[in-house]
Amino acid sequence: MVPLLLIVLLAYSQQQPNSRVVINQNRNWQFVKDEKGVFNISDHQKQQWVNVNLPHTWNTADIMDDTPGYYRGVAYYKKTITLPAAVKNKKIFLCFEGVNQVAAVFINGHTAGTHRGGYTAFTIPVSPFIRSTDRYFEVIVKADNSYDKNIPPLSADFTFYGGIYRSVNLLAVSPVHFTVDEGASQPVMISTPQVSTQEASVTIKGHLDNFTAEDKKLQLLSIVYNEQGKKIAAQTSAFTVTANSNGQYEHSIPTVQQPHLWSPEDPYLYKVVSIIKDASTGSTLDVVTNTLGFRWFHFDAAKGFFLNGKNYKLIGTSRHQDYKGMGNAVSKALAGKDMELIKQTGANFFRVAHYPQDPYVMEVCDKIGLLTSVEIPVVNEITASDSFYNTCLQMQREMIRQQYNHPSIIIWCYMNEIFLRPHFNEDKTKQQQYFASIEQLARMLDSTTRKEDPTRYTMIANHADFNRYNQYHLTTIAQVTGWNLYSGWYGGKQEDFPAFLDRHHEQLPDQPFMITEYGADADNRIRSMQPVRFDKSVEYTTKFHQFYITEIMKRPFVAGAVVWNLADFNSETRTETMPHINNKGLLTWSRVPKDPYYLYEATLSKKPFIKISSTNWTIRGGIADSTGAFCKQPLQVASNLHEVEIWLNGKKIATAAVTNGLAECMVPFINGTNIVEAKAVENGKTYTDVVQLQFALQPYYLRDKKIPFTAMNILLGASRYFIDEQKKEIWMPDQPFEKGRWGHMGGKPFVIDNNGRLPYGTDKNIWGTDNDPIYQTQQTGIQAYCFDVPKGKYTLSLHFAELQGGTVKLPPYNLADSGRDEANVKRVFDVAVNGTVLLHHFDMMKEYGPVKAIVKTTTVTVKDDKGIAVEFTPVEGEPVLNAVQLKRIE
């Protein structure tokens, strides 16, 4: 999908011989890393270049491997760019939409410009480094994503990908043109000082350059078109700009009668076309087109947010800009699709966090009706230095000046959880000075923001340390306070959340606020019938969201709330069940909806809605009841209707009331294919949703002939299910052994000392597997594992990993647990299967090291009625078993 603005510019370039030309330069680049720091511009031909297209990042693979860390350093890109006849006699620039995080650009071997900060655009002049007769030029870009104490973000719960990860365009303009500056500012700024349902005014401020050796008499035109292309207002003025200088002008359109207002339900867009003409010849010199939306808004500390005089609860999500297999080098089409996915839930708001994103994202928000806040990446901590402050101010100015004309933007934000990683914990005097520096920077950024754009609100997003943020006035410096709240996830209990909301309103009754983050991790492969905090199950997260959104909707003084996050995203330092991934998304990293996504559709949609929440949980399994006929498991349906009927394989089995967006009932699944249908009737019309799933029904007794035993996958020390998506296998929780069945004998589930954060198992990255949950729990001190199976031939696989030992450092967002030191455990044991030794003096730590996935497989023939008994005999320390698989092969 090509952005609307680019289409308009290209159209004008075709129609107007002297107007600007935009040519995309994303294809046919070459790339090389400079890991040893030996690259030399003068002999760059000697490098081992590889061919790439943009957008591109060099961190798509190393962010997902088992080795901690990823390449943060220097790399180079180069390309030879051909100059078509259409750009002859024009001023030429290269426009970069994003290079992370420091860029240096060389044209024909000469330094043409630099840029600091990885999330805003910048422009590089080309004309000074080429001759008028040149038909091509060579560009080399040095990109560097190394840590720099003077460039935010310094740390964060996301990955700092390196590369030219957004588009590059060649821009050619006539010598007299709307200003093209290094900060990629909009040369024409549009505001609407007065808006009502009856009339509106428009102010247009333009900047232009004259790069000729003579004064130029110009005619400046501003024309407003409606969405149907009809001209509704215009202003023309004469203007003289002196030789080799620049100028500014202002056009005011005092009255647009009965403007069609912009809103989330009706995002009506006008178009403002700004034109420079030569007054003597009448020829067009330059054209710039911008969108225009008429709306007015305000925040009220008691009643929330108002748009066009109507009260709105701002509800939506945030988004990180990466995608599975692509890193942050995501196409504009996929970025735009993400906005559609937010809008599809019924949301009206998008927090563009934690940095400005692809310019096309904002175009789509304008078009589909998503109100937005946009922010710079001052996250977790600062460096108390003038260099850091100046970089932050530069980023804030660039962000505002580049995105000023978007009607969807209502808030500029500039800090996120800035006290989360405090400095000088051992020196309280220095720490107070550091905190005071944060307050100083906040005041500088807020003042700059209000000066740059007095028409929008400012905001700081804080984490739940109310007292500290209030002490240093970060609750009141900005016009709106944001709170990132995770009660019942990182710490505390869910009931702390509404109490916090009420506390803010009581202590700061005149300060508008919104929830800028909330959420809980859901690994889409993990399910639980007994969901608990930090088990990473979809079920716990669904209940978490249901509780939060219900409490948010009760309180008119909560202006809005933003789910963290639209989709799972990469955070290389994370471990847990899916290492390197933050699983708080309503969608997976590849944009598959999880159950809570449908909860929000049910809660926010204005149209009748019904959806089986676990529609993507199509690989299920469980233990049959004592009759061997079925296994009852809960099924949730997301809906905004009053009640739903649940049908299984053509038979109605239940009617369930919908409460806070969800209906639930127990479904008796049979072995094999199950077709589940949810039905609801509203105003005489029937709404349905159907899902087909496979259910692996395990016999209650393993010798039950009604359900012949075939295979079983068991997680020890866990109360959750795990889905192996590649092998399409379901892993079930363990049970104690009973005669005729299966299970462990002796021992207890492994639990670490982590302030109660993890209910069981470990959160470490297990090396050598992508199926970490198979190995992250275990039964310690196990004596035996038994399967009371009938005669036959079986494949038995025992899964091990040593979970203890070493220092565990957790990121600062784990508020209740900063890390721990674990003692190395010595364990040596024997394993025998039906009396035959399989492992003798098995020492996992010695043979494999810690947290390494180990599988030991053998074939077992059962010739009698004794089944299979796996016996564990300690030699030193306690035996363990993490998981077990048994498959019948004959």
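Thresholds applied
- Residues numbered from 1 in each chain as written.
- Predicted model: local features only at pLDDT ≥ 70, side-chain atom pairs only at ≥ 80, totals over all residues.
- Heavy atoms only, no water.
- Helix = DSSP H or I, 4+ residues; strand = E, 2+ residues; numbered from the N terminus.
- Rg over C-alpha atoms; globule rule 2.2 N^0.38 Å.
- Contact = heavy atoms within 4.5 Å.
- Lys, Arg positive; Asp, Glu negative; His and termini not counted.
- Charge placed at Lys NZ, Arg CZ, Asp CG, Glu CD.
- Pairing = 2+ DSSP bridges.
- Phe/Tyr/Trp six-rings, centres within 6.5 Å; stacked < 30°, edge-to-face > 60°.
- Buried < 20%, exposed > 50% of the residue type's maximum accessible area, 1.4 Å probe, protein only.
- Lys NZ or Arg CZ within 6 Å of the ring centre and 35° of its normal.
- Core = buried A, V, L, I, M, F, W, Y, C linked by side-chain atoms within 4.5 Å.
- Axes fitted to C-alpha atoms, helices over the stretch in contact; angles between N-to-C directions.
- Parallel < 35°, antiparallel > 145°, perpendicular 65-115°, else oblique.
- Left-handed = near helix turned anticlockwise from the far one by under 90°.
- Nonpolar A, V, L, I, M, F, W, Y, C, P; charged D, E, K, R; others polar.
- Polar contact = N/O pair within 3.5 Å; in protein donor to acceptor, adjacent residues only side chain to side chain.
- Salt bridge = Lys/Arg side-chain N within 4 Å of Asp/Glu carboxyl O.
- Expected span 1.5 Å × (residues − 1).
- pLDDT = per-residue confidence, 0-100.
- Right-handed = clockwise from strand over helix to strand, strands pointing away.
- Disulfide = S-S within 2.5 Å.

Engineer: I'd like a description of the overall build of the protein chain, backed by residues and values.
Structural biologist: Scanning the protein chain for helices and strands turns up 11 helices and 58 strands. Over its C-alpha atoms the protein chain spans a radius of gyration of 31 Å, differing by no more than 12% from the 29 Å that the globule rule assigns to 890 residues. On the principal axes, the C-alpha backbone points of the protein chain span a range of 105 × 70 × 60 Å. In the protein chain, the share of contacts with a sequence separation of at least 24, taken over all contacts with a separation of at least 6, comes to 72%. Distance between charge centres in the protein chain, computed from 91 positive and 90 negative side chains, equals 4 Å.

Engineer: Explain the sheet that holds strand β57 (residues 880-881) to me, using residue names and the numbers behind them.
Structural biologist: Pairing is antiparallel across the open sheet formed by 3 strands, whose spatial order is β47-β48-β57. Looking at the sheet topology across the chains shown, the edges are occupied by β47 (748-749) and β57. When strand β48 (residues 779-780) meets β57, the two strands line up antiparallel, connected through 2 bridges. What sits directly across from Thr780, in β57, is Val880.

Engineer: With reference to specific residues and values, describe the packing of aromatic side chains.
Structural biologist: A complete count under the given rule lists 46 aromatic pairs for this structure. Ring geometry for Tyr700 and Tyr701: centres 4.9 Å apart, planes at 80°, overall edge-to-face. By relative accessible area, which is 42% here, Tyr701 ends up partly exposed. Site record: aromatic cluster; members linked through ring pairs are Tyr486, Trp489, Tyr490, Phe497, Tyr518, Phe534, Tyr540, Phe544, Phe547 and Tyr548. Here the guanidinium or amino end of Arg620 rests over the ring plane of Trp617, the centre of that ring lying 3.6 Å away.

Engineer: Would you mind going over the side chain of Thr449 in detail, with residue names and values included?
Structural biologist: Mapped onto the fold, Thr449 is located in helix α5 (residues 428-452). Given a relative accessible area of 1%, Thr449 falls into the buried group. Filtering out sequence-adjacent residues up to four positions away, Thr449 remains in contact with Gln396, Ile400, Trp412, Tyr414 and Thr458.

Engineer: Can you lay out the nonpolar core for me, pointing to particular residues and giving the numbers?
Structural biologist: In this structure, Met415, Leu474, Ile515 and Tyr518 are the most contacted members of the largest nonpolar core, which totals 118 residues. Among the elements that line this core, the one with the most residues is helix α4 (residues 386-403), at 7 residues. Setting aside its immediate chain neighbours within four residues, Ile515 contacts Trp483, Leu485, Phe497, Leu501, Val558, Gly560, Ala561 and Val562. Tyr794, Leu796, Phe800 and Val862 belong to the second-largest nonpolar core, a separate cluster that totals 36 residues.

Engineer: Before we move on, can you summarise the packing of α4 against α5 with the specific residues and values?
Structural biologist: Orientation of α4 relative to α5, taken along the N-to-C sense of each, is 25°, at an axis distance of 10 Å. By the angle between their directions, the pair α4 and α5 is classed as roughly parallel. For the element pair α4 and α5, the recorded crossing hand is right-handed. Each of Phe388, Tyr389, Cys392, Leu393, Gln396, Arg397, Ile400 and Arg401 in α4 lies in contact with α5, whose residues at this interface are Ser437, Gln440, Leu441, Met444, Leu445, Thr448, Thr449 and Glu452. Of the residues contributing to the contact of α4 with α5, the split by class is 8 nonpolar, 5 polar and 3 charged.

Engineer: Explain unusual backbone geometry residue by residue, including any values.
Structural biologist: The linkage connecting Asn100 with the following residue, Gln101, adopts the cis geometry, with an omega of -5°. The residue Gln101 is located in the loop between β6 (99-100) and β7 (102-107) in this model. The residue Phe424 is not glycine, and still its phi comes out positive at about 60°. Here Phe424 shows up in the loop between β27 (409-416) and α5.

Engineer: Can you explain helix α3 (residues 359-368)? Please cite residues and give values.
Structural biologist: Of all 10 residues in α3, 8 are buried, a share of seventy percent or more. Among the residues of α3, those classed as buried are Tyr360, Val361, Met362, Glu363, Val364, Cys365, Asp366 and Ile368. If you check the start of α3, you find a side-chain oxygen 2.8 Å away from the backbone N of Tyr360, and it comes from Asp358. One or two positions beyond α3, positive phi appears at Gly369, with a value near 90°.

Engineer: Quick one: what's the story with the pattern of salt bridges, residue by residue and with numbers?
Structural biologist: Overall, the coordinates contain 39 salt bridges when judged by the stated rule. A salt bridge links Lys536 to Asp521, with the shortest nitrogen-to-oxygen separation between them at 3.9 Å. In this pair, Lys536 is assigned in the loop between β31 (526-527) and α8 (538-554) and Asp521 in the loop between β30 (513-517) and β31, connecting sequence segments 15 residues apart. Residue classification places Lys536 among the buried residues on the basis of a relative accessible area of 2%. Asp521 sits in the buried class, given a relative accessible area of 1%. Put simply, Glu576 and Arg574 hold a salt bridge, and the shortest N to O gap is 2.9 Å. Neither Glu576 nor Arg574 differs from the other in exposure class; each is buried. The network of salt bridges with common partners includes Asp157, Asp521, Lys536, Arg574, Glu576 and Lys584.

Engineer: Account for α5, naming residues and giving values.
Structural biologist: Counted at 1.5 Å a residue, the expected span for α5 with its 25 residues is 36 Å, and the 36 Å between its end C-alpha atoms agrees. Buried within α5 we find Gln431, Tyr434, Phe435, Ser437, Ile438, Glu439, Leu441, Ala442, Leu445, Asp446, Thr448 and Thr449. Buried positions along α5 lie against α4, β27, β28 (457-462) and α6 (466-471).

Engineer: Explain the confidence of the model for the protein chain residue by residue, including any values.
Structural biologist: On average, residues of the protein chain carry a pLDDT of 94, and 96% of them reach 70 or more. Scored below 50 in pLDDT, residues 1-17 makes 25 contacts in the model with residues more than four places away or belonging to other chains.

Engineer: Pulling in residues and values, what's your account of the pairing of strand β29 (residues 480-484)?
Structural biologist: Judged by how many residues are buried, β29 sits mostly within the fold: 5 of 5 residues are covered. Crossover connection from β28 via α6 to parallel β29: handedness right-handed. Across 4 bridges, the pairing between β29 and β30 is parallel. Within β30, the position partnered with Thr481 by the bridge is Phe513. Each parallel crossover has a hand, and for β29 linked through helix α7 (residues 496-507) to β30 it is right-handed.

Engineer: Help me get a handle on the environment of Arg533, residues and values and all.
Structural biologist: Checked against the element boundaries, Arg533 lands in the loop between β31 and α8. Here Arg533 falls in the buried class, since its relative accessible area comes to 18%. Excluding residues that lie within four positions of it along the chain, Arg533 makes contacts with Gly488, Trp489, Tyr490, Gly491, Gly492, Tyr540, Gly756, Arg757 and Pro759. Within polar-contact distance, the side chain of Arg533 engages the backbone oxygen of Trp489 at 2.3 Å.

Engineer: Lay out the environment of Thr317 in plain terms, naming residues and giving numbers.
Structural biologist: Tracing the backbone shows Thr317 in strand β24 (residues 314-318). Judged by relative accessible area, which is 4%, Thr317 ranks as buried. Between the C-alpha atom of Thr317 and that of Thr345, which follows or precedes it by 28 residues, the distance is 10.0 Å. Residues in contact with Thr317, not counting those within four places in the same chain, are Ile342, Phe349, Phe350, Arg351, Val562, Val563, Asn565, Leu566 and Leu586.

Engineer: Residues and numbers for the state of the cysteines, please.
Structural biologist: Per the counting criterion, the structure on display carries 0 disulfides. For Cys413, which is in no disulfide, the shortest distance to another cysteine sulfur is to Cys392 and amounts to 13 Å. Look at Cys413 and you get buried, because its relative accessible area is 0%.

Engineer: Help me get a handle on the sheet that holds strand β4 (residues 74-82), residues and values and all.
Structural biologist: The 6 strands lie next to each other as β3-β2-β4-β10-β7-β8, forming an open sheet whose pairing is antiparallel. Whereas interior strands pair on both sides, the edge strands pair on one side only; in this sheet they are β3 (50-52) and β8 (110-116). Adjacent strand axes in the sheet meet at a mean angle of 25° when their direction is disregarded. Alignment of β7 against strand β10 (residues 136-144), held across 6 bridges, turns out to be antiparallel. Considered in β10, the bridge of Phe106 is made with Ile140.

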